[in-house]
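Here's the letter readout for the chains.
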Amino acid sequence: MKKSDVIKLIFPNNVPTQIVKEIGSAYAPTNIALCKYWGKRDQQINLPLTSSLSIALPSKGARTSLKLHDHDQVTLNGQLLAPDSNFVKRLGQFLDLFRMPHAWHLAVDIEMNIPVAAGLASSACGFAALVLSLDDLFGWQLSKKDLSILARLGSGSASRSLWDGFVEWHIGQQEDGMDSYAESLPFTWSELRVGILPLSQKEKPISSREAMQRTVETSLLYKEWPQKVMFDMAALKKALETKDFDLLGATAESNAMNMHATMLSSWPPICYSLPDTIAAMQEIWSLRQQGCPVYFTQDAGPNLKLLFLKDQADRVKQSFANLDALTLF
Ligand code: PMV
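Asker: Looking at this model, I keep getting lost on the overall build of the protein chain. Mind explaining?
Answerer: The helix and strand tally for the protein chain stands at nine helices and 13 strands. Here the protein chain has a C-alpha radius of gyration of 20 Å; the compact-globule value for 329 residues is 20 Å, and the two agree. Dimensions of the protein chain, computed from the C-alpha atoms along their principal axes, are close to 60 × 40 × 40 Å. Residue pairs in contact within the protein chain that sit at least 24 positions apart in sequence constitute 75% of those at least 6 positions apart. Surface exposure of the protein chain reaches about 14600 Å², of which carbon and sulfur atoms provide 52%. Side-chain charges in the protein chain split into 32 positive and 34 negative, and the spacing between the mean points of these groups amounts to 1 Å.

Here is the structure:
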C-alpha cells in the first residue's frame, strides 16, 4: 500500500487545494507513550504491529502557520532552514502527497518548544500540527479520525498528537490502515505530572524508523513484544480507571525497559541510553526504595520522562534540579 493510495481513500474526488483563508494555522501537543509503538506491519503507511497509549504534554508542542509561496520554504523557530536539510526534504515529500508536482508551494513557519530529533517526539507534534494547519488552510473539515490517519503517514506517533489527555492508537486489521487511527480516552488525572529530564539535546544516532525496522528483523526478543503490549494496554487502562498510580508507573516503566531490551538484542545493537541516562534510572530506583513513588519512561533517545503525582513534585525536583515538571490537565 502506498501513501498516495491512502490519500485517495480520504479524498476520493481529488484533494481540495483551493485556499479558504490566507494563513492556515494550528497547534498540536507532543505526546509521550506509556505503552510504546515499536515495530511496523507496513513501513510505507506506518501501520503498527501493536496498539499504543500515550499522554499529551499540552505545553510542549508545535505551532504551524502556512501560506502560499512561490517555492517551499520552512522556518523553524524563526530560522530559515536549508532547502536540502533532512527536515525540509521530509516535509516537502509529505506535502507532495497532496499536490501535483509544481502545483503550489507553501511557506511553512513552525514554532516548536522541544528539541528536534532528540527522542522528545518532535515529529509527533510537528506532523500533527502540519496536518491540522493544512486542514485549516484548505478548509477540508476532515474528521479527527481522518486527520489522525493523515498524521500517521508523516510519523506513526503523530497519529496520537491531535488530542490533549490520554490517547489510544488502535492497531487496526485492514491492509489500507483505515482502521488504524488514534482516539481520545475518557480519563483525566489532575494530580499526574510528567517531568522531562533533559540529558542530551544531540540529534539521535539512529532514527526511530530505522531502529524499529532493525529490531523487528533481528531481535530474538521482539517476538514477545506484541504480547507484552496487550498485557500493558490492559494494565494501563485499569490503572486509569482506578487511579492506581503505582500500576500506571510500573507498567509504563516496564514497557519502556522491554522496548529498549528488544533494541539491545538487535544486531547491530541499538542503545539510546548514555551514562547519564543509566545514572538517572538508578537515582529513580533509589528514590522508590526510599518510599517516593516515581517512575520513568524512555523513547528513542537518551532523555527520560518521569512520572509522579503532584504531592511528590518537591521531592522529585530536589533530586533532579533541571527537571521540567509539567501539569497535564
Ligand atoms: O513516530 P515515530 O516513528 O517517531 O516512532 C516513535 C517511537 C517511540 O517514540 C519510541 C514510541 C512511541 O510510541 O512514541
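Asker: Quick question: what am I supposed to make of the site of the ligand here?
Answerer: Near the ligand, the surroundings consist of 14 residues, among which Tyr37, Ser155, Ser157, Arg160 and Ser208 are the closest. At 2.6 Å from an oxygen atom of the ligand is found a side-chain nitrogen or oxygen belonging to Ser157. Interatomic distance of 3.2 Å between a side-chain N/O atom of Asp299 and an oxygen atom of the ligand. Taken together, the residues that form the shell around the ligand break down as six nonpolar, five polar and three charged.

Asker: Just to check I follow, could you spell out the sheet that holds strand β12 (residues 304-309) for this structure?
Answerer: Adjacent strands of a sheet pair through backbone hydrogen bonds, lying either parallel or antiparallel. Taken together, the four strands give an open sheet; going across it, the order is β11-β12-β10-β13, and neighbouring strands pair in antiparallel fashion. Each edge of the open sheet carries a strand with a single partner, namely β11 (295-298) and β13 (324-327). When the angles between neighbouring strand axes are averaged without regard to direction, this sheet yields 30°. Bridge count for strand β10 (residues 192-197) against β13 is four bridges, and the pairing is antiparallel.

Asker: What exactly am I supposed to notice about the pairing of strand β8 (residues 166-169) here?
Answerer: Where a strand is regular, its side chains alternate between the two sheet faces. Side-chain alternation along β8 places Phe166 and Glu168 on one buried face and Val167 and Trp169 on a second face that is also buried. Pairing geometry for strand β4 (residues 52-69) and β8, over four bridges, is antiparallel. Of the residues in β8, the one forming a bridge with Ser52 is Trp169.

Asker: Can you walk me through unusual backbone geometry in this structure?
Answerer: Apart from glycine, the bulk of residues carry a negative phi angle, and the bulk of peptide bonds sit in the trans form. The omega angle of the peptide bond from Trp267 to Pro268 is -10°, so this bond is cis rather than trans. Tracing the backbone shows Pro268 in the loop between α7 (245-264) and α8 (275-289). Backbone geometry at Asn14 places phi at a positive 65°, although glycine is not the residue there. Residue classification places Asn14 among the exposed positions, given a relative accessible area of 65%. Positive phi outside glycine occurs at Asn46, with the angle close to 50°. Its place among the elements puts Asn46 in the loop between β2 (40-42) and β3 (47-48).

Asker: I keep staring at the nonpolar core and nothing clicks. Help me out?
Answerer: Within soluble globular proteins, side chains that are nonpolar tend to cluster in buried spots. Phe98, Leu134, Leu150 and Phe166 are the most contacted members of the largest nonpolar core, which totals 88 residues. For this core, the leading source of residues is helix α3 (residues 122-138), giving 10 residues. Leaving out residues up to four positions away in the same chain, Leu150 has contacts with Ile7, Ile10, Phe11, Phe94, Phe98, Val131, Trp140 and Leu142. Counting 15 residues, the second largest nonpolar core, distinct from the first, contains Met281, Val294, Phe308 and Leu323.

Asker: Hey, could you run me through the packing of aromatic side chains in this one?
Answerer: Here a ring pair, both rings aromatic, is described through the centre-centre distance and the interplanar angle of the planes. Scanning the entire structure with this criterion turns up 11 aromatic pairs. Through a chain of ring-to-ring contacts, the aromatic side chains of Phe11, Phe94, Phe98, Trp104, Phe127, Phe138 and Trp140 assemble into a single cluster. Looking at Arg99, its charged tip hangs above the ring of Trp104, at a distance of 5.4 Å from the centre.

Asker: Would you take a moment to explain helix α5 (residues 208-218) for this structure?
Answerer: An α-helical segment advances 3.6 residues per turn. Residues three or four places apart therefore align on the same side. Those residues of α5 that sit buried are Ala211, Met212, Gln213 and Thr215. Where α5 is buried, its residues touch β2 and α7.

Asker: Is there a simple way to explain the pattern of salt bridges in this structure?
Answerer: Two side chains bearing opposite charge may form a pair once their charged atoms approach each other closely. With the rule as written, the count across this model stands at 11 salt bridges. Its salt-bridge partner being Lys21, residue Asp136 comes within 2.9 Å of it at the nearest N-O pair. In this pair, Asp136 sits in helix α3 while Lys21 sits in the loop between α1 (3-10) and β1 (24-35), placing the two residues 115 residues apart along the sequence. Ionic pairing is found between Asp72 and Arg99, a salt bridge with its closest N-O pair at 2.7 Å. Note that Asp72 is positioned in the loop between β4 and β5 (73-76) and Arg99 in the loop between α2 (86-96) and β7 (105-112), a separation of 27 residues in sequence. For Asp72, a relative accessible area of 24% puts it in the partly exposed group. In this structure Arg99 comes out as buried when scored by relative accessible area, which is 11%. Among the charged side chains, a salt-bridge network with shared partners connects Lys36, Asp299 and Lys305.

Asker: Looking at this structure, I do not really get the side chain of Ser159. What am I missing?
Answerer: Mapped onto the elements, Ser159 comes out in the loop between α4 (144-154) and β8. Not counting residues up to four positions away in its chain, the partners in contact with Ser159 are Ser148, Ala151, Arg152, Trp169 and Ala182.

Cut-offs applied
Residues numbered from 1 in each chain as written. Predicted model: local features only at pLDDT ≥ 70, side-chain atom pairs only at ≥ 80, totals over all residues. Heavy atoms only, no water. Helix = DSSP H or I, 4+ residues; strand = E, 2+ residues; numbered from the N terminus. Rg over C-alpha atoms; globule rule 2.2 N^0.38 Å. Contact = heavy atoms within 4.5 Å. Areas by Shrake-Rupley, 256 points an atom, 1.4 Å probe, with all protein chains shown as cover. Lys, Arg positive; Asp, Glu negative; His and termini not counted. Charge placed at Lys NZ, Arg CZ, Asp CG, Glu CD. Near = heavy atom within 4 Å. Polar contact = N/O pair within 3.5 Å; in protein donor to acceptor, adjacent residues only side chain to side chain. Nonpolar A, V, L, I, M, F, W, Y, C, P; charged D, E, K, R; others polar. Pairing = 2+ DSSP bridges. Axes fitted to C-alpha atoms, helices over the stretch in contact; angles between N-to-C directions. Buried < 20%, exposed > 50% of the residue type's maximum accessible area, 1.4 Å probe, protein only. Core = buried A, V, L, I, M, F, W, Y, C linked by side-chain atoms within 4.5 Å. Phe/Tyr/Trp six-rings, centres within 6.5 Å; stacked < 30°, edge-to-face > 60°. Lys NZ or Arg CZ within 6 Å of the ring centre and 35° of its normal. Salt bridge = Lys/Arg side-chain N within 4 Å of Asp/Glu carboxyl O.

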